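Below, each chain spelled out in residue letters.
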Amino acid sequence: MKFGFYSPYLSTFGGGERYMLTLASYLSRDHIVDIFWDDALLKAPISRFLKIDLTRTRFVENIFKYGFFKKAFTTLGYNFIFILSDGSVPATFAAKNILHFQVPFNFPKATILTRLKLKKYNHIVCNSFFTKHFIDKSFNISSRVIYPPVDVKSIKPGPKENIILSVGRFSDTQLHPKKQEVLIEVFKEVYKKNPSWRLVLIGQAKNEDEKYLRKLKKSTRGYAIRILENLAVEKLRSYYSQAKIYWHATGFGEDEQRNPEKMEHFGISTVEAQAGGAVPVVIDRGGQKEIVEDGKSGRLWSAKAELYEATLSLIDNPNQLSSLSVTAVKSSRKFSQENFLKHYAKIIF
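These remarks concern the structure in this document. (Residues numbered from 1 in each chain as written. Predicted model: local features only at pLDDT ≥ 70, side-chain atom pairs only at ≥ 80, totals over all residues. Heavy atoms only, no water.)

### Overview of the overall build of the protein chain
- In terms of regular secondary structure, the protein chain is built from 13 helices and 13 strands.
- Relative to the globule expectation of 20 Å for 349 residues, the C-alpha radius of gyration of the protein chain, 21 Å, shows essentially globular dimensions.
- The dimensions of the protein chain, computed from C-alpha atoms along their principal axes, are 65 × 40 × 40 Å.
- Looking at the 349 residues of the protein chain, the share that counts as buried comes to 54%. (Helix = DSSP H or I, 4+ residues; strand = E, 2+ residues; numbered from the N terminus. Rg over C-alpha atoms; globule rule 2.2 N^0.38 Å. Buried < 20%, exposed > 50% of the residue type's maximum accessible area, 1.4 Å probe, protein only.)

### Thoughts on helix α2 (residues 43-50)
- For α2, the full list of buried residues reads Ile46, Ser47 and Leu50. For α2, the angular spread of buried residues about the axis comes to 105°, placing them on one side.
- Close packing links the buried residues of α2 with α1 (15-27). (Arc of directions from axis to C-beta. Contact = heavy atoms within 4.5 Å.)

### Here we look at the nonpolar core
- Core analysis: the largest hydrophobic core is formed by 32 residues, its most contacted members being Phe170, Phe187, Leu199, Leu201, Ile245, Trp247 and Val281.
- Where this core is concerned, the elements lending two or more residues are α6 (180-193), β9 (198-203), α7 (210-219), β10 (225-229), β11 (245-248), β12 (279-283), α11 (304-316) and α12 (318-332).
- Of all the elements, α6 adds the most residues to this core, at six residues.
- The contacts of Leu201, once residues within four sequence positions are left out, are Ser166, Phe170, Gln180, Leu183, Ile184, Ile225, Arg226, Ile227 and Leu228. (Core = buried A, V, L, I, M, F, W, Y, C linked by side-chain atoms within 4.5 Å.)

### Focus on the sheet that holds β10
- Within the open sheet, the six strands sit side by side as β10-β9-β8-β11-β12-β13. Their pairing is parallel. Every interior strand has two partners, whereas the edge strands, β10 and β13 (299-301), have only one. Each strand of the sheet is rotated relative to its neighbour by a mean of 20°, with strand direction disregarded.
- Relative to β13, β12 is paired through three bridges, and the arrangement is parallel. Across the sheet, the residue bridging to Ile283 is Trp301, located in β13. (Pairing = 2+ DSSP bridges. Axes fitted to C-alpha atoms, helices over the stretch in contact; angles between N-to-C directions.)

### Structural notes on the pairing of strand β6 (residues 123-126)
- Here β6 shows a buried face lined by His123 and Val125 and a second buried face lined by Ile124 and Cys126.
- Note: strand β5 (residues 96-101) against β6, four bridges, orientation parallel. Each bridged residue has a counterpart across the sheet, and for Ile98 the counterpart in β6 is His123.
- The parallel pair β5 and β6, bridged by helix α4 (residues 112-118), forms a crossover whose chirality is right-handed.
- Bridging between β6 and strand β7 (residues 144-145) involves two bridges; their strand directions are parallel. In the strand pairing of β7, Val125 is matched with Arg144.
- In the classification by handedness, the crossover that spans β6, the intervening helix α5 (residues 129-139) and the parallel β7 is right-handed. (Right-handed = clockwise from strand over helix to strand, strands pointing away.)

### Some details on the sheet that holds β6
- Spatially, the seven strands line up as an open sheet ordered β3-β2-β1-β4-β5-β6-β7, and their pairing is parallel. Each having just a single partner strand, β3 (58-60) and β7 make up the two edges of the open sheet.

Nothing here speaks to function; it is all geometry.
Okay, structure coming up:
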């Protein structure tokens, strides 16, 4: 069979690209797999960064930059095409098509033209039920959910230290900022009660994030807080294994219904933390609620006072912390790459 894959965001090396390329890599073992992207030199760096084997895939001309007839003629030659949507619905005439949404776009009702193009898609897939809620409303459809693939096998619990960990890009301008400034503020209060604990913030940082990063670093002076940017994946996994608690605050202070795109649409880093045995204490917003069951596989919070109190409760009750850690590891397994591929095999073949 012949498969085609397209993401307008491919050069960002983001979660959507990991989602799409994990499936592309798997299918390339036995089938022809084309990735529609003009710059073939992107293959090597994106493979290294995402740790995905793309050697058997082909980077071909991006036909989605052309008009209707070019796309129609080319896509007719494919058995299956997978498209990561940026909110638009590209025209495709492959035998079967999948349209995938990573972002909970909150649009007015779809136009007649959009509804006509949607009829060519056999499956519309979202990365979480949170995303699905808004996509179904925006496009008047009933999509399905297939959670992102998380490499939980590569992350295992290790000897634990008094570390609270948080992972996410250092930016106050991206679509859904991680709100590290909120975590720093709360940790300062935790530190006053328990100075044996450390907060470690890890994430990617680009040139445009430098101002925000400097502001964060300045605010940590005098406290046991480390900020580590652009860390190698092996080192990141080591921190997942060492940390006892994992924090996440994306969406804090935002309106979940009006601005769903500012929430965490799923929460891969939370699952990775669970796999490492770190107990997640994460905001009760967005896709996080689908990963963490409050009191069973972690804790959920809405206000800063709740984050503070839930964290202190875990610190003061090591048996509870240990029990939640065991459950968190088990919970992470339902988001494995194997489950992801099984779900897609059912709708593709």
